[in-house]
Amino acid sequence: MGFLTGTSSRARIVRVVLKSHRILTFLCYFGGIAGFLAMAYFPFNNRTYFSENALLQGLVDDNFNLPADAKTYYDQFMEEVKKTDSEIPHKWLKSKFREIGLDTYTQTYHFKFPYGIYGAQMTEGYNVYGILRAPKAASTEAVVLSAPYRRPESALPPNFAGVALMYALAKYFRRHTYWAKDIIFLVTDHEQIGMQAWLDGYHNTENEYIFPGEFKGHSGSIQAAINLEIQTPNIRNFDFRIHGLNGQLPNLDLVNLAIYLCEKHGVPHTLHNRGDHRNPVSTNGYFHSLKTYTLMMWNQAHCAPSGNHGLFHRYRIEALTLSGIKNDRRRGGIGFANMGKVIEGIFRSLNNLLERFHQSFFFYLLPASHRYVSIGNYMPGFGVLGATVVIEAFAMWLSSGDIEDKQGKENGDGDKKGKKEKKSEVAEDNKESPTLFNLIPTVLMSQLFGLVAYFGPNFAVWASKKLQLAPDEGLALSVTALQASAMMFPLLLRRRANKNGMAPLIGWRLLKSVALLFLGVILFSVSVMNISLAFFLAVTIIPAAIIVRPCQSRILLVLQGLFLLLSSPVVLIFLANLIQTALTLNPVAAAALRPDGNLFTEAWLSFQHGVFWTVIDGHLFGNWLFSLMVFAVFPCWLLFWAVLWGNV
């Protein structure tokens, strides 16, 4: 602030900023939100198109003619599953690949869960895959068609039809010689753990908890992957699942390709189980698109992949999941024939690729299957929203310096007692005036709590065993208890301030300025990786961060404290699970739950499950949501809590 100190222009700037910053922050906050909501309106978004012309989509005839073979594989596979009980029938799967004429391999891998959950003993799994070698190429490039095997005890719907269709497609592809890329047909065990083990083995990597074992069969660089999750031979539609780990998305050309081929073969398709509105320009059409748009952001903010495809993205492999929704009607529906033609068309187009996907968008939001909002459209709106914290931080910085100047003038002109006494008072005031150096203990303490939260799950799981609690319950309780204890640390700051004789009305402004800048860095950094997570964090945290300020009224302090508490990490995650629980309940179940208050019980159980598996996914797959919350969001929130209650 030295370049403005002592000048009349500085005083004028301070007065202007302090008078106008409230209006500016209000306009930026609601203007940014309005900009995001407007992007779902038809005239404000763009129609999707193909950037990669080499795909030559739709220019080939899709002649898949083995639906009867797919049905045979389906019946045989179900019978084999009954014989093997809970174990994957890897021998049967391997023998069928060999009958088709593929290079067939079995990958045996082992894994364990972090913190000794479910015991320290290794669990064994099997991945079975066959490689169709390209007859006219040197196996330098490959594409993958995968299907997870789901054991009978799995909570997820079975995938027998997905595996059967994959085998029928492998048999059909084997008859043709126009393939320029190897095609890998993969059946994975243990859901995403099996897929991660296969990817680690293929790329010769491993982590602390998944050991891929010996990997014998290799092909070339994988360019794209399609994952199949089909419950029955007769489906209502394909639902596209595109979200990957930490909010990554596949190249938009791959999504457009799948949508185009579904429409070509008369297969209905949805995004998040929602189709497109017939009249998107109408009011109902806007709200329909807005809900689809918001659901995509909501799912992306979770940072968890929506299928096995989501683990490919970290290896720069474009992938998505085609989920076949069961047809509950007796008539109609889509059978193996049309499903097979869609997948055949996708692989025929991928076979035409001359290079990796790179021309279309990797950062986008979809209000409908044929409409998109690119990063160049939504980032300005987020920039306006994020400018709120920058403006407020600048105002707090200037106001803290302005108060110092006023106190300096009062000390120089107020009481005339003699030169020696006046000099001693000025020196004492200068010593008591807070600086950035004085805030270091507060910032370090907030970071210390984040460090404890990061390493806390190890102790929480250990304590859960001693207290005979489930690991997820113990972890959720420990996280809640840690936040409650961390909320007491402003008392220590207040004691330190009273002991050192520091002026509270100066220090809180400087601390708030630092906290706001910290929040701005978090939001803008996250926005370039996961815009949806950054948006929801901004919408929920910024209002509390702006209004918080110490005051003499105890009632206002308590109201601010409650409002700030609602934006704390633990409460935000619980509220998110509460909303998710309410959205996933059908109206009959929801009406039955709410009078008894069981909705909150379900939300608490969902909160326990969500926190627990977010931590586990961080170790197994590299999900960074838990690390972000404890290392960035939690310490930043504690700084605002210290502003309100610390009186530094």
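What counts as what
- Residues numbered from 1 in each chain as written.
- Predicted model: local features only at pLDDT ≥ 70, side-chain atom pairs only at ≥ 80, totals over all residues.
- Heavy atoms only, no water.
- Helix = DSSP H or I, 4+ residues; strand = E, 2+ residues; numbered from the N terminus.
- Buried < 20%, exposed > 50% of the residue type's maximum accessible area, 1.4 Å probe, protein only.
- Contact = heavy atoms within 4.5 Å.
- Pairing = 2+ DSSP bridges.
- Axes fitted to C-alpha atoms, helices over the stretch in contact; angles between N-to-C directions.
- Parallel < 35°, antiparallel > 145°, perpendicular 65-115°, else oblique.
- Left-handed = near helix turned anticlockwise from the far one by under 90°.
- Nonpolar A, V, L, I, M, F, W, Y, C, P; charged D, E, K, R; others polar.
- Phe/Tyr/Trp six-rings, centres within 6.5 Å; stacked < 30°, edge-to-face > 60°.
- Lys NZ or Arg CZ within 6 Å of the ring centre and 35° of its normal.
- pLDDT = per-residue confidence, 0-100.
- 1 Å grid on protein atoms, 1.4 Å probe; cavity = no way out; pocket = protein on both sides within 12 Å on 5 of 7 lines; lining within 4 Å.
- Points joined across faces, edges and corners; volume = space filled by probe spheres on them.
- Salt bridge = Lys/Arg side-chain N within 4 Å of Asp/Glu carboxyl O.
- Core = buried A, V, L, I, M, F, W, Y, C linked by side-chain atoms within 4.5 Å.
- Expected span 1.5 Å × (residues − 1).
- Bend = angle between axes of the 7 residues up to and from the residue.
- Patch = residues over 30% accessible without salt bridge, like charges linked within 9 Å, V, L, I, M, F, W, Y side chains within 5 Å.
- Areas by Shrake-Rupley, 256 points an atom, 1.4 Å probe, with all protein chains shown as cover.

Helix and strand counts for the chain come out as 20 helices and 12 strands. When each of the 648 residues of the chain is scored for burial, the buried share is 51%. Within the chain, counting contacts between residues at least 6 apart in sequence, those at least 24 apart form 82% of the total.

The sheet built from nine strands is open, its strands ordered S6-S2-S3-S5-S4-S7-S10-S8-S9 with mixed pairing. The sheet terminates laterally at strand S6 (210-211) and strand S9 (269-271), the two strands that pair on one side only. Taken together, the six bridges between strand S8 (residues 235-241) and strand S10 (residues 318-326) define a ladder with antiparallel strand orientation. Opposite Asp239, over in S10, you have Ser323 as the bridge partner. Of the strands in this sheet, strand S2 (103-111), strand S3 (123-132) and strand S5 (182-188) are in contact with helix H3 (residues 90-100), which crosses S3 at around 10°. Along the sheet face, helix H6 (residues 252-264) touches strand S7 (221-230), S8, S9 and S10 and points at about 35° away from the line of S10.

So, on to the sheet that holds strand S12 (residues 371-374). With antiparallel pairing, the three strands of this open sheet are ordered in space as S1-S12-S11. Bordering the open sheet on either side are strand S1 (46-47) and strand S11 (364-368), each of which pairs with just one other strand. Here S11 runs beside S12; their pairing, made up of three bridges, is antiparallel. If you follow Tyr364 over to S12, its bridge partner there is Ser374.

Below, the discussion takes up the packing of helix H17 (residues 569-584) against helix H19 (residues 598-620). It is at 8 Å that the axes of H17 and H19 come closest, and there the two elements cross at 120°. Considering the angle they form, H17 stands oblique to H19. H17 and H19 meet at a crossing whose hand is right-handed. Packed against H17, whose contacting residues are Val570, Ile573, Phe574, Asn577, Leu578, Thr581 and Ala582, the element H19 presents Leu599, Phe600, Glu602, Ala603, Trp604, Ser606, Phe607 and Val611 at the interface. Its residues placed into classes, the contact of H17 with H19 shows 11 nonpolar, three polar and one charged.

This brings us to the side chain of Glu392. Secondary-structure assignment places Glu392 in helix H9 (residues 375-413). Judged by relative accessible area, Glu392 falls into the buried class, the value being 0%. Not counting the four nearest positions on each side in its chain, Glu392 is found in contact with His21, Arg22, Thr25, Lys512, Leu516 and Ile546.

Scanning all chains against the criterion turns up 43 aromatic pairs. One aromatic cluster is present, formed by Phe64, Tyr172, Phe173, Tyr178, Trp179, Phe185 and Phe347 through successive ring pairs. Its end group placed over the ring of Tyr178, Arg348 keeps NZ or CZ at 3.9 Å from the ring centre. The ring of Phe42 is capped by Arg371, whose NZ or CZ atom sits 3.9 Å from the centre of that ring.

Moving on to the confidence of the model for the chain. Chain-level pLDDT for the chain is 86 on average; 87% of the residues reach the 70-or-more range. Note that pLDDT drops below 50 for residues 1-5; the model gives that stretch six contacts with residues more than four away or on any other chain. Throughout residues 586-595 the model reports pLDDT below 50, and contacts reaching past four residues in sequence, or to other chains, amount to seven contacts.

One pass over the full model with this rule turns up one cavity of 30 Å³ or more. Around the largest cavity sit Leu519, Ile541, Val633, Cys636, Trp637 and Phe640, which together line it. At four residues, the largest contribution of residues to the lining of the largest cavity is made by helix H20 (residues 625-645).

Turning our eyes to something else, we now look at the pairing of S3. Of all 10 residues making up S3, eight are buried, and the element is well covered by its neighbours. As defined by bridge partners, S2 adjoins S3 across nine bridges and the pair is classed as antiparallel. Counterpart to Thr106 in the pairing with S3 is Val128. Relative to S5, S3 runs antiparallel, the two being bridged by five bridges. Bridge pairing links Val128 to Val187 in S5.

Between side chains of opposite charge, a pair can form when the charged atoms approach closely. Summed over the entire model, instances satisfying the criterion amount to 16 salt bridges. Across the salt bridge formed by Glu79 and Lys82, the nearest N and O atoms sit 3.9 Å from each other. Placement of the pair is Glu79 and Lys82 together in helix H2 (residues 67-84), with a separation of three residues, close to one helical turn. The exposure class assigned to Glu79 is partly exposed, which follows from its relative accessible area of 43%. When its relative accessible area of 57% is taken as the criterion, Lys82 is described as exposed.

The next subject is the nonpolar core. Membership of the largest hydrophobic core comes to 183 residues, with the highest contact counts inside it found for Phe185, Trp198 and Phe238. In terms of residues, this core owes the most to one element, H20, which gives 18 residues. Apart from the residues lying within four places of it in its own chain, the contact partners of Phe238 are Ile230, Cys262, Val267, Pro268, His269, Thr270, Leu322, Ser323, Gly324, Met339 and Val342.

Let us look at helix H15 (residues 531-547). Here H15 is 17 residues long and its end C-alpha atoms lie 24 Å apart, about the 24 Å a rise of 1.5 Å per residue gives. Along H15, the helix axis deviates most sharply at Ile541, where the bend reaches about 35°; the proline Pro543 sits within four residues downstream. Among the 17 residues of H15, 12 are classified as buried, and the element is accordingly described as predominantly covered. Regarding H15, the residues found buried are Ile531, Ser532, Leu533, Ala534, Phe535, Leu537, Ala538, Ile541, Ile542, Ala544, Ala545 and Ile546.

The end-to-end C-alpha distance of helix H8 (residues 336-350) is 21 Å, a good match for the 21 Å that 15 residues give at a rise of 1.5 Å each. Counted residue by residue, H8 has 12 buried out of 15 residues, so it is predominantly covered. Those residues of H8 lying buried are Phe336, Met339, Gly340, Val342, Ile343, Glu344, Gly345, Ile346, Phe347, Arg348, Ser349 and Leu350.

With that settled, the discussion passes to unusual backbone geometry. Unlike most non-glycine residues, Tyr115 shows phi in positive territory, near 65°. On the secondary structure map, Tyr115 appears in the loop between S2 and S3. Phi at Glu191 takes a positive value of approximately 50°, unusual for a residue other than glycine. Following the sequence through the fold, Glu191 ends up in helix H5 (residues 191-202).

Our focus in this paragraph is a nonpolar patch on the surface. A contiguous nonpolar surface patch, about 460 Å² in accessible area, is contributed by Leu448, Leu451, Val452, Phe455 and Phe631. Among the elements that take part in the nonpolar patch, helix H11 (residues 440-466) stands out by supplying four residues, more than any other. With respect to the helices and strands, the residue Leu451 is situated in helix H11.

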